[in-house]
Amino acid sequence: MKKTLTILLGLVLGLSLHARSDWFRYEPELRFGVHAGYVRSNMIEELPIGAKGSLSPEGGVRAGLDLSFSVFNWLELGSGLNFIGLCSRDEAWFNNVYRASYVEFPLNLRLKQSVFWLEMAIFGGVYGALGIGGSSRNEVGSYPFFGPDGIATRGDFGLNAGVELTLFGHYRLGAGYRHGLIDISNGTLANGARLYNEALVCSISYIF
C-alpha cells in the first residue's frame with residue numbers, strides 16, 4: 001500500500017513539475033493579422049461643478065493591422081495600427097453630430113488558453129490615438145472637430161480591455177471596451193465641460 005501511494009505521489013509530482021515547466025517555457029512567436037469591426041462610441045461630458053453626463057452614442061468603424069508576440073504559451077504582447085471612427089450626438093445642442101477619425105496605437109497583454117481548435121483569451125492595456133480628421137454638424141452648419149475652430153485636441157490616451165475567441169488558429173471574434181483618460185476638449189466649450197472618449201468595439205480578424 002505504501003509503495004502504491006509512493007508511486008502515485010511520484011506521478012502526480014512529476015506531472016505537476018512537467019506542467020509547470022511547460023507553463024513557463026519560453027515560446028517566442030511573432031504573428032500578424034488584419035481586422036475590421038463595428039464601433040458604438042460616445043463622449044462623456046464632465047461639467048466643472050462635478051456633474052457627469054453623456055451624449056447619445058452613434059455607430060462607427062474600426063479596421064487595421066494586428067501584431068502579437070508570444071512570450072509563453074499562455075501570454076502574448078499585442079499591438080498594431082488601427083483606423084477608428086468615433087461618432088456621438090448632442091441632442092440638447094442643435095442636434096449636433098460629432099465625428100472624429102483617429103489613428104490608434106494599442107499595447108496590450110493577452111492571456112490565452114487553448115482547448116483543441118478553440119483559443120479563449122482576455123486582454124487589457126492602453127492605447128494612444130492621434131486625430132486625423134472630423135466634423136461637427138448641426139442644424140446651422142458644419143464645423144471642424146479638431147483644432148482652434150473645433151472643440152477638441154487631436155491627442156487621446158486611455159485604457160482598453162476585452163475578450164477574444166480564435167477558431168482553428170486563424171479566425172478571431174473579439175469584443176472590447178475603450179475609455180479615454182485625458183480631456184480631449186480644447187477649452188472652447190461654453191459650459192467649460194471636459195470631454196472623454198469611450199467606445200464598445202466588435203471585430204472580426206484573420207490571423208496569419
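Above this text is the structure in question.
In this report, we go over the structure that sits alongside the text. (Residues numbered from 1 in each chain as written. Predicted model: local features only at pLDDT ≥ 70, side-chain atom pairs only at ≥ 80, totals over all residues. Heavy atoms only, no water.)

## Regarding empty space enclosed by the protein
Moving on, step 1. Counted by the stated rule, this structure contains two cavities of 30 Å³ or more.
Moving on, step 2. Each pocket or cavity is described by its volume, and for the largest cavity that value is around 450 Å³.
Moving on, step 3. If you trace the largest cavity, you find 31 residues lining it, with Arg-62, Asp-66, Asn-108, Phe-123 and Glu-164 closest to the centre.
Moving on, step 4. Looking at the lining of the largest cavity, its residues break down into 10 nonpolar, 12 polar and nine charged.
Moving on, step 5. The volume enclosed by the second largest cavity comes to roughly 60 Å³.
Moving on, step 6. For the second largest cavity, the full set of lining residues is Ser-41, Asn-42, Met-43, Leu-86, Cys-87, Ser-88, Tyr-98, Arg-99, Ala-100, Tyr-102, Phe-145 and Asn-197.
Moving on, step 7. Mapped by element, the contributors of at least two residues to the lining of the second largest cavity are strand E1 (29-46), strand E4 (75-90) and strand E5 (96-115).
Moving on, step 8. Top element by residues in the lining of the second largest cavity is E5. It accounts for four residues.
Moving on, step 9. In the lining of the second largest cavity, the residues fall into seven nonpolar, four polar and one charged. (1 Å grid on protein atoms, 1.4 Å probe; cavity = no way out; pocket = protein on both sides within 12 Å on 5 of 7 lines; lining within 4 Å. Points joined across faces, edges and corners; volume = space filled by probe spheres on them. Nonpolar A, V, L, I, M, F, W, Y, C, P; charged D, E, K, R; others polar. Helix = DSSP H or I, 4+ residues; strand = E, 2+ residues; numbered from the N terminus.)

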